[in-house]
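Per-entry structural report
This is what each chain is made of:
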Amino acid sequence: MTRVINGTGSDRATTGRLARAVDAVRWETQSVGRAARAAVRGPGRERDLLVQSLKAALAALLAWLVAQVWLNDPMALMAPWVALVLMQATVYSSLVTGARQFAAICIGALVASGAQAVTDDTTGALALSVPVLVLLSNWPRFGDQGIYAATTAVFTIATGTVSGEAVGHRLGQAALGAVIGVAVNALILPPVHLRDVRENLAALAREAGEVLSAVAGDLRDGEWDAQTAVGRLNAAKRLQDRLDALRSARGWSRESLRLTSGVLRKLHRAPTDALPPEDEDERLGRITGHVTALTRSLAVAADEERSPASPDPEVLGSYAKLLELLGDSCRAEADRLLGEEDPGDPLLDERTEAAMRDLHSTLQEGLTKAAGQGAARTAVLGTLVLQAENLWADLNPQARGR
């Protein structure tokens, strides 16, 4: 009987692993399908990746045709190899990567030739050159291209082509591949990463609005407790990941505009004048901070061990209405950033602003009543009102000072 039970348990474990593996494969397949549909549907990150991949293949093919078919060089493999790896996300990074890689290949070929001349033995040359080149590959000046020094040395020694003529051929083909790779990247739809900034800004505003609306719904339905508060706080903290993505996209956009001005930018017709200013990053960053601080204060208010008195349910209901309007304003901000023709009911709309002022007055009255019920209750509600005011001020700068 014991054997039967163990066997059944083992079968269940195996079935569970198989089910998880099937789910993982299904999820990956669906992700590929979504990416393919997005690339066909319109401009976006997926189409940019498709274009860069096709350009890399084109650069490698051109380098091979020039090196092998036209020049008939015995070291033709170096040209497409270098051209392929130089298809970077920006023209500037392609130039920097090409310079670093070419320097690493030169050093690797020269050191390998010297080691072969000194030892006159393949194993000895490898033992003498590879450790030094692997150590040298960690030099920060090489970036992530330093390893090509060691791999070039291995190829050079293993193929036995260590003569001066062979080394010259190898370096010449590396230079040819670098020129072709950079030229294809710069002249054929040069990558200009402006769309990522706008999309990340809009996503940050929309996700902040979703957090506020979720919190408002919990407060309105009376489902706010310590566990729910912690969950909403974690959702607000995840906005930091989107903010980091925005900052990374801004850096890529700034770099992608280097060396792509004038004629090259006209070839791509990049909408450089439509790029949101960097002040928008700071403003959305402040909004993210306000949302996180607001949810943290609500989490403290819901924790009986940390807050001796939470606000009255009636006051929290008014606060929920205010948060719902702020959430709608965040979503309207996202639509504006994406250039939607009808962003809905923006915060600057007279009706929305009037409703927010009425709610703000209600909260102020609640704060006055709370003052007579103890300092703790007043402090909690005052903190919530202050953070809502800060959020409102950054969403609607015209409201400051009114």
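Here the structure is a predicted model, which is why all the values come from computation and not from measurement. Numbering of residues starts from 1 in each chain and follows the order in which that chain's sequence is written. In keeping with the model being predicted, local features are shown solely for residues with a pLDDT of at least 70 and side-chain atom pairs are shown and tallied solely at 80 or more, while totals for entire chains, interfaces and linings include all residues. Just so you know, side-chain values use all the structure's heavy atoms and leave hydrogens and water out.

This part takes up the overall build of the protein chain. Secondary structure elements follow DSSP: runs of H or I of four or more residues count as helices, runs of E of two or more count as strands, with numbering from the N terminus. When its secondary structure is counted, the protein chain shows 15 helices and 0 strands. Under the scheme applied here, a residue whose accessible area is under 20% of the maximum for its type counts as buried, over 50% as exposed, and between as partly exposed, the area being computed with a 1.4 Å probe on protein chains only. When each of the 402 residues of the protein chain is scored for burial, the buried share is 41%. Should any heavy atoms of two residues lie within 4.5 Å, those residues are considered in contact. Across the protein chain, the fraction of contacts at a sequence separation of at least 24, relative to all contacts at a separation of at least 6, is 78%. Throughout, the Shrake-Rupley method with a 1.4 Å probe supplies accessible areas, and for residues the shown protein chains are the sole cover considered. Carbon and sulfur atoms provide 58% of the accessible area of the protein chain, an area that totals close to 21500 Å².

Attention now moves to the packing of aromatic side chains. Each aromatic pair joins two rings of Phe, Tyr and Trp (for Trp, the six-membered one) with centres within 6.5 Å, and gets the label stacked for planes under 30 degrees apart, edge-to-face for over 60, and tilted for any other angle. In this structure the tally under the stated criterion is 3 aromatic pairs. Relative to F142, the ring of W139 lies with its centre 5.5 Å away and its plane at 90°, an arrangement referred to as edge-to-face. Accessibility expressed as a relative area gives 45% for W139, which makes it partly exposed. Feature note: the residues W81, Y148 and F155 constitute an aromatic cluster, connected by ring pairs.

Two packed helices can be described by the angle between their axes and the distance between those axes. With axes taken as lines fitted to C-alpha atoms, and helix axes fitted only over the stretch in contact, angles between N-to-C directions fall between 0 and 180 degrees. Orientation of helix α4 (residues 91-119) relative to helix α7 (residues 164-187), taken along the N-to-C sense of each, is 175°, at an axis distance of 10 Å. By the angle between their directions, the pair α4 and α7 is classed as roughly antiparallel. Of the residues in α7, those touching α4 at V91, S94, L95, F102, I105, C106, A109, L110 and S113 are V167, L171, A174, A175, V182, N185 and A186. Residues were grouped as follows: Ala, Val, Leu, Ile, Met, Phe, Trp, Tyr, Cys and Pro as nonpolar; Asp, Glu, Lys and Arg as charged; and all remaining residues, including Gly, as polar. When the residues that make up the contact of α4 with α7 are grouped by side-chain class, the tally is 13 nonpolar, 3 polar and no charged. Oblique is the label for any angle not covered by the other classes, which are roughly parallel (under 35 degrees), roughly antiparallel (over 145) and roughly perpendicular (65 to 115).

Attention shifts here to the nonpolar core. Grouped together as the largest cluster of nonpolar side chains are 43 residues, with contacts concentrated most on L219, V291, L298, Y319, L323 and L326. Looking at this core, the elements with two or more residues in it are α8 (195-221), α9 (226-237), α10 (239-256), α12 (278-302), α13 (313-337) and α15 (375-395). Looking at this core element by element, the count peaks at 11 residues for α8. Nonpolar core, defined: a set of buried Ala, Val, Leu, Ile, Met, Phe, Trp, Tyr and Cys residues in which side-chain atoms within 4.5 Å join the residues together.

Here we take up the environment of I105. Note on placement: I105 falls in helix α4. When the C-alpha positions of I105 and T152 are compared, they lie 5.9 Å apart, and in sequence the two are 47 residues distant. If we ignore the near neighbours within four places in the chain, the residues touching I105 are M78, V82, Y148, T152, L171 and A174.

Before going further, it helps to spend a moment on the pattern of salt bridges. Between Lys or Arg on one side and Asp or Glu on the other, a salt bridge is scored when a side-chain nitrogen of the former is within 4 Å of a carboxyl oxygen of the latter. With the rule as written, the count across this model stands at 13 salt bridges. D218 serves as the salt-bridge partner of R232, at 2.7 Å between the closest nitrogen and oxygen. Pair noted here: R232 is in helix α9 and D218 is in helix α8, with a separation of 14 residues, a long-range link. For the salt bridge of R283 with E333, the shortest nitrogen-to-oxygen distance reads 2.2 Å. Remark: E333 occurs in helix α13 and R283 occurs in helix α12; sequence separation between them is 50 residues. Like R283, the residue E333 is buried in the burial classification. Put simply, R220, E324, D328 and R331 are held in one network by salt bridges that share partners.

A few words on the packing of α4 against helix α5 (residues 122-136). Packing of α4 against α5 leaves a shortest axis separation of 8 Å and a crossing angle of 145°. The way α4 lies across α5 gives a crossing that is right-handed. Of the residues in α5, those in contact with I107, G108, V111, A115, Q116 and T119 of α4 are T122, G124, A125, L128, S129, L133 and L136. Considered class by class, the residues forming the contact of α4 with α5 number 7 nonpolar, 6 polar and no charged. Helix crossings get a hand from a simple test, with the near helix turned counterclockwise from the far one by less than a right angle marking a left-handed crossing and a clockwise turn marking a right-handed one.

Another point: unusual backbone geometry. Positive phi, normally seen in glycine, also occurs at N72, with a value near 55°. The class of N72 is exposed, set by a relative accessible area of 57%. Unlike most non-glycine residues, D120 shows phi in positive territory, near 55°. Within the secondary structure layout, D120 lies in the loop between α4 and α5.

Further remarks concern the confidence of the model for the protein chain. Within a predicted model, pLDDT stands for the predictor's per-residue confidence, ranging from 0 to 100. Averaged over all residues, the pLDDT of the protein chain equals 77, while 75% of them reach at least 70. Here helix α11 (residues 263-268) stands out as the least confident element of the protein chain, with mean pLDDT 52; α5 is the most confident, with 90. Across residues 1-6, where pLDDT falls below 50, the model places 0 contacts with residues more than four positions away in sequence or in other chains.

Residue count minus one, scaled by 1.5 Å, sets the expected span of a helix. Spanning 15 residues, α5 covers 21 Å between terminal C-alpha atoms, matching the ideal 21 Å at 1.5 Å per step. We define the bend at any residue as the angle between the axes fitted to the seven residues before and including it, ending there, and the seven starting there. In the structure, α5 departs most strongly from a straight axis at S129, where the bend amounts to approximately 25° and where the proline P131 lies between one and four residues downstream. For α5, the full list of buried residues reads A125, S129 and L133. Those residues of α5 that are buried are in contact with α4 and α6 (147-159). Among the residues of α5, the N-terminal cap falls to D121, whose side-chain oxygen and the backbone nitrogen of T123 are separated by 3.1 Å. Think of a polar contact as two N or O atoms within 3.5 Å of one another; within protein, one of them needs to be a possible hydrogen donor and the other a possible acceptor, and neighboring residues in sequence only count if both atoms come from side chains.

Here we come to the environment of L294. By the element assignment, L294 lies in helix α12. When near neighbours in sequence (up to four residues on either side) are disregarded, L294 contacts Y319, L323, L384, Q387 and A388.

Turning our eyes to something else, we now look at a nonpolar patch on the surface. A surface patch of nonpolar side chains, amounting to about 900 Å² of accessible area, comprises L58, L61, L62, W64, L65, V69, L77, L187, I188 and L189. Ranked by residues supplied to the nonpolar patch, first place goes to helix α2 (residues 45-70) with 6 residues. Structurally, the position occupied by L58 is in helix α2. On the basis of relative accessibility, which here comes to 32%, the residue L58 falls in the partly exposed class. Patch rule: a residue counts if its relative accessible area is over 30% and it has no salt bridge; like charges are joined within 9 Å, and nonpolar side chains (Val, Leu, Ile, Met, Phe, Trp, Tyr) within 5 Å.

For the rest of this paragraph, the subject is the side chain of T295. Note on placement: T295 falls in helix α12. Within the local environment of T295, its side chain forms a polar contact with the backbone oxygen of T292, the two atoms lying 2.9 Å apart.

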